[in-house]
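What the coordinates show
What follows is the residue order along each chain.
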Amino acid sequence: MNSQAVSSHKPSSAFIGASWAALLLGIAAFMAGLWNANMQLNEKGFYFAVLVLGLYSAISLQKVVRDRLEGVAVTGIYYGISWVALLIAVLLLGTGLFNATLQLSEKGFYGMAFALALFGAIAVQKNTRDNLGAEDETSGFKRSKVERNGPTLVTTDPAKPADAQDIAANNR
């Protein structure tokens, strides 16, 4: 784990707006290109699936990298899968566009829209995480690992009765 301290500052409204604009513009442009494209439905489905895989894997990778930076435990296999999924999405798009019978300008359009959508997804995820951290700092409230990562299963020693307050505190 990385012991490097991470300070989170609330992003500006302009950066939040630009991030959302990049995400929505990238997705909208890619989808408009698919809608108007003169290609078979299975080809459109392929490019749509690659976009969805790319967006999900980019968000997942950004979260995993940030978790590791903040010292939150992340398994190596999930970290690796996140990288592999993003690389697969980029390679699938690149291979599909290379082999497509589209004009070079259309291929560039899809590549740039895809890149813009990925950038927007990463930036929106970062802003969401920064806003959450900034709210915690301004309220003087520091969330525990359980609250950051979600609920965990509480196990108790069967020989010793569980204290109800301990169980409630661990499940918050």
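Quick caveat, the model's predicted, so the values are computed rather than measured.

Before going further, it helps to examine helix α3 (residues 76–99). Given a rise of 1.5 Å per residue, 24 residues ought to cover 34 Å, and the 34 Å separating the end C-alpha atoms of α3 matches this to within 8%. All buried positions along α3 are accounted for by Ser82, Ala85, Leu86, Ala89, Leu93, Gly96 and Leu97.

Once that is clear, we can look at the nonpolar core. Side chains of nonpolar character tend, in soluble globular proteins, to be buried together. Ranked by size, the top nonpolar core spans 24 residues in total, and within it Phe30, Met39, Tyr47, Leu55, Leu93, Tyr110 and Phe114 carry the most contacts. Elements with a contribution of two residues or more to this core: α1 (13–36), α2 (41–69), α3 and α4 (104–138). Here this core gets seven residues from one element, more than from any other, and that element is α4. Among residues more than four places away in sequence, those in contact with phenylalanine 114 are Phe30, Val50, Leu51, Gly54, Ala89, Val90 and Leu93.

The full count for this structure, using the stated rule, is six salt bridges. Between arginine 66 and glutamate 70 there is a salt bridge, with the nearest N and O atoms lying 3.1 Å from each other. For arginine 66, a relative accessible area of 8% gives the class buried. Three or more residues are tied together by salt bridges with common partners; here these are Lys63, Arg66, Asp67, Glu70, Lys126, Arg129 and Asp130.

Rules behind the numbers
Residues numbered from 1 in each chain as written. Predicted model: local features only at pLDDT ≥ 70, side-chain atom pairs only at ≥ 80, totals over all residues. Heavy atoms only, no water. Helix = DSSP H or I, 4+ residues; strand = E, 2+ residues; numbered from the N terminus. Expected span 1.5 Å × (residues − 1). Buried < 20%, exposed > 50% of the residue type's maximum accessible area, 1.4 Å probe, protein only. Core = buried A, V, L, I, M, F, W, Y, C linked by side-chain atoms within 4.5 Å. Contact = heavy atoms within 4.5 Å. Salt bridge = Lys/Arg side-chain N within 4 Å of Asp/Glu carboxyl O.

Spatial relationships are all this shows, so hold off on functional conclusions.
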